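Chains, contacts and geometry: an overview
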Amino acid sequence: MSIPSFDLKRNYARVSGEIEEALSRVLASQQFIMGPDVAAFEKEAALYLETPYAVGVASGSDSLLLALMAAGVGPGDEVITTPFSFFATASCITRLGAKLVFADVEPDSYNISMARVKDAITSRTKAFIPVHIFGQLCKIEEIKDTLLDKGITLVEDCAQSFGAHRMYGGRIVRSGGWGGFGGFSFFPTKNLGAYGDAGMVTCFDETDAKKLAGLHLHGSSSSYTHETVGVNSRLDTIQAAILRVRLRHIETWTEERREAARLYELLFAEKGLFGDITPPLETDGNRHTYHQYVVKARGRDDLHKFLEGKGITTRIYYPLPLHLQPCFASAGYKKGDMPVSESLCDEVLALPMFPELRPEEQETVVNAIGEFYRKV
Ligand SMILES: Cc1ncc(COP(=O)(O)O)c(C=O)c1O
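Concerning the site of the ligand
Neighbouring residues of the ligand: 14 residues in total, closest G60, S61, D157, S185 and K190. One nitrogen or oxygen atom from the side chain of D157 is found 2.8 Å from a nitrogen atom belonging to the ligand. Here the ligand has 390 Å² of accessible area as a free molecule, and 91% of this is covered by the chains. More than half of the atoms belonging to the ligand lie within 2 Å of the grid points that define the largest pocket. Where the shell around the ligand is concerned, the elements lending two or more residues are α3 (60-70) and α4 (88-95).

Written as structure tokens, this is what we have:
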């Protein structure tokens, strides 16, 4: 039996009728650019996320870039972020000519450490991009007031955390819900995935929303008049129509991921694998959405190869931390500067995780892991 790390075909089979209906509607309308489904999706997504404004854009990468542009980030500014993330989290900063400042992550949640962020703040810090890595929210409450006091803009990288939330002050705060900007990716393998590139920016302030609305349409608020130089970054109407269908199912799919995570943990316990394998930690008050199910594994590289030999696909997120990427060398970081992120890059392994993953497939994965550790 071969077990993929994700399987979009199984998911499509569950919604194909609804998707085909939505596609037919867009095709019949022939309104491919900024058609009615775009505004409808923005409204429905904002309602789900409990944010007042949402602007659909072309990708998650653009969502971060546009949020920083709306915040006025430019040369001379510093922006703090995590070295343990996907490339786009940091490239949006350097693309605007701002200085990249890294703060290391926590060893258990893999999320950016707010204590390290506080250490990194200077008078030039203009924005902060926390990433809710693998689907679990960072402890934003620990830094919220400091950011407000110092006038630092919060841009949450929510690419991996649609539907995740955290309890704060007795209420639920969702990913993207901490009062600044939220940048979302709907890359096909994300928990809420489109069938191509797509993204969205959320915000709380009407002025910011107006800025974003212009910036993603070439900086224009009316036809052929450009107040600023923006970007061509629209959410495609076909993708919006697909996302509207898929949004209706996101709660079910999230719960299925959470169920699969519980089963992995049970199976690790049954097989006595704790110690060799450290499962992901759902920190207090969090609803982890398991965009990825990332364990720490003893002898990670050998295990990765062993599982591959058994037809089980696992992935390494991330093999190289951002502060050591060649293109960011001018930021001035070297090996040893972010020790937690660096060691995670040598230890972590993402096991198969998607809503339709079958319990018997999980058992096969865990049995194979057990077999590996009995041999080494
Ligand atoms: C943490 C993070 N930020 C940003 C992005 C960029 O999103 P996109 O691929 O939609 O441009 C991704 C996508 O993989 C991501 O995982």
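The discussion continues.
Digging into the pairing of strand β6 (residues 165-168)
Bridging between β6 and strand β7 (residues 171-174) involves four bridges; their strand directions are antiparallel. Note that in β7 the partner of Y168 across the bridge is R171. Here β6 folds back onto β7, and the loop between the two strands holds two residues, one of which, G169, carries a positive phi near 60°. In this structure, β6 lies alongside strand β13 (residues 286-287), joined through two bridges in antiparallel fashion. Looking across to β13, one finds that H165 is bridged to R287.

Digging into the pairing of strand β4 (residues 125-129)
Most of β4 sits out of view: four of its five residues are buried. Summarising the sheet, strand β2 (residues 78-81) and β4 pair through four bridges and their orientation is parallel. Looking at β4, one finds that I80 is bridged to F128. Sheet topology note: the β4/strand β5 (residues 153-157) ladder contains two bridges and is parallel. Residue F128 lies in a different strand from β5, and its bridge partner there is L154.

About the thresholds
- Residues numbered from 1 in each chain as written.
- Predicted model: local features only at pLDDT ≥ 70, side-chain atom pairs only at ≥ 80, totals over all residues.
- Heavy atoms only, no water.
- Near = heavy atom within 4 Å.
- Polar contact = N/O pair within 3.5 Å; in protein donor to acceptor, adjacent residues only side chain to side chain.
- Areas by Shrake-Rupley, 256 points an atom, 1.4 Å probe, with all protein chains shown as cover.
- 1 Å grid on protein atoms, 1.4 Å probe; cavity = no way out; pocket = protein on both sides within 12 Å on 5 of 7 lines; lining within 4 Å.
- Sits in = over half its atoms within 2 Å of the grid points.
- Helix = DSSP H or I, 4+ residues; strand = E, 2+ residues; numbered from the N terminus.
- Pairing = 2+ DSSP bridges.
- Buried < 20%, exposed > 50% of the residue type's maximum accessible area, 1.4 Å probe, protein only.

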